[in-house]
Amino acid sequence: MSNGGFWPDFVQILQKARRCIGMKLKKTVVMVGMMGAGKTAVGRALAAKLNVPFLDSDAEIVKAANMSIAEIFKRDGEPFFRTKETQVIDRLLDDMQGVLSTGGGAFLSDSNRTMISDKGVSVWLDADLDLLWQRVRHKDTRPLLRTANPKATLEQIYNERVPIYSKADLAVQSHASYSIENMADRVIKALLTRPDVLEP
């Protein structure tokens, strides 16, 4: 069996990997956007491409509280969760230089937005409502969607939040046809427009 088609593909992958590894990240990249936008998956792929640490603010909160986000919401309420979320994001921005994925509501706070732009750079993964619904409709891990009509709730949240997400430092359009790797590459392309964030 001929492997003639394999070798050019391998060389292309290797060249792309070398280009990414040679880049220097100067500020933490903070992924923001709606639930289901792909912040964690794309964030992990981005961190791997740039050879930097990846952290998830929700995962850090869960670890510190030793309970799920849904359990925190139920026991302590959303305001308590948001306070803890701000504290965790602030600490992570001080402690690391890498890629940080945040919960869907984190960017709604004026103080969080200012803090993120001062200490890092916010990247909005801009996915449309239909794509988001396809991704979250079968999951029971979203406390805000535990309503009688979760699709209508998602649409309401989407309409309220998109004008705020549009204030992010950078925006990258998501599409159902884009793979996680494609999205990570698109984020890198956006970051390269900011020499203060990513240096080729």
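Everything below is about the structure shown above.
Every chain's residues receive numbers from 1 upward, in the order its sequence appears when written. The predicted nature of this model means local features are confined to residues of pLDDT at least 70 and side-chain atom pairs, given and counted, to a pLDDT of 80 or more, with totals for whole chains, interfaces and linings taken over all residues. Excluded from the side-chain calculations are hydrogens and water; all other atoms, namely the structure's heavy atoms, are used.

A. How the structure looks around helix α6 (residues 110-119). Residue burial is assigned from relative accessible area. The probe radius is 1.4 Å, only protein chains are included, and a residue is buried under 20% of its type maximum, exposed over 50%, and partly exposed in between. We count a stretch as a helix when DSSP gives it H or I for four or more residues in a row; a strand needs E for two or more, and each element gets its number in order from the N terminus. Regarding α6, the residues found buried are Asn112, Arg113, Met115 and Ile116. The arc that holds the buried residues of α6, viewed along the axis, is 165 degrees, so those residues lie on one side. Those residues of α6 that are exposed and aimed more than 90 degrees away from the buried face are Asp110 and Asp118. On its buried side, α6 packs onto β2 (28-32), α5 (78-95), β5 (120-126) and α8 (150-165). What the arc describes is the spread of directions from the helix axis to the C-beta atoms. Throughout, a contact is declared for two residues whenever any of their heavy atoms are within 4.5 Å.

B. Molecular detail of helix α2 (residues 39-50). In a helix, the anticipated span is given by 1.5 Å times the number of residues less one. Compared with the 16 Å implied by 1.5 Å per residue over 12 residues, the 16 Å span of α2 between its first and last C-alpha is a close match. Of the residues flanking the end of α2, it is Asn51, one or two places downstream, whose phi is positive at about 60 degrees.

C. Seen up close, the environment of Gly105. Within the secondary structure, Gly105 sits in the loop between β4 (99-101) and α6. Spatially, the C-alpha atoms of Gly105 and Val32 are 8.7 Å apart, while their sequence positions differ by 73 residues. Residue contacts for Gly105: discarding those within four places in its chain leaves Arg82, Glu85 and Arg161.

D. Geometry of the nonpolar core. Put simply, buried Ala, Val, Leu, Ile, Met, Phe, Trp, Tyr and Cys residues joined by side-chain atoms within 4.5 Å make one nonpolar core. Val29, Met31, Leu46, Val187 and Leu191 are the most contacted members of the largest nonpolar core, which has 57 residues in total. Among the elements that line this core, the one with the most residues is helix α9 (residues 180-191), at six residues. With residues near it in sequence (within four places) discarded, Val187 still touches Met31, Val42, Leu46, Val123, Leu125 and Val172.

E. A look at the pattern of salt bridges. Every case where a carboxyl oxygen of Asp or Glu lies within 4 Å of a side-chain nitrogen of Lys or Arg is listed as a salt bridge. One pass over the structure, following the stated rule, counts 13 salt bridges. Linking Arg113 and Asp110 is a salt bridge whose minimum nitrogen-to-oxygen distance equals 2.2 Å. Of this pair, Arg113 and Asp110 both sit in helix α6, three residues apart, which is roughly one turn of the helix. What makes Asp110 exposed here is its relative accessible area of 53%. Counted as one network, the salt bridges with shared partners bring together Lys27, Arg194 and Asp196.

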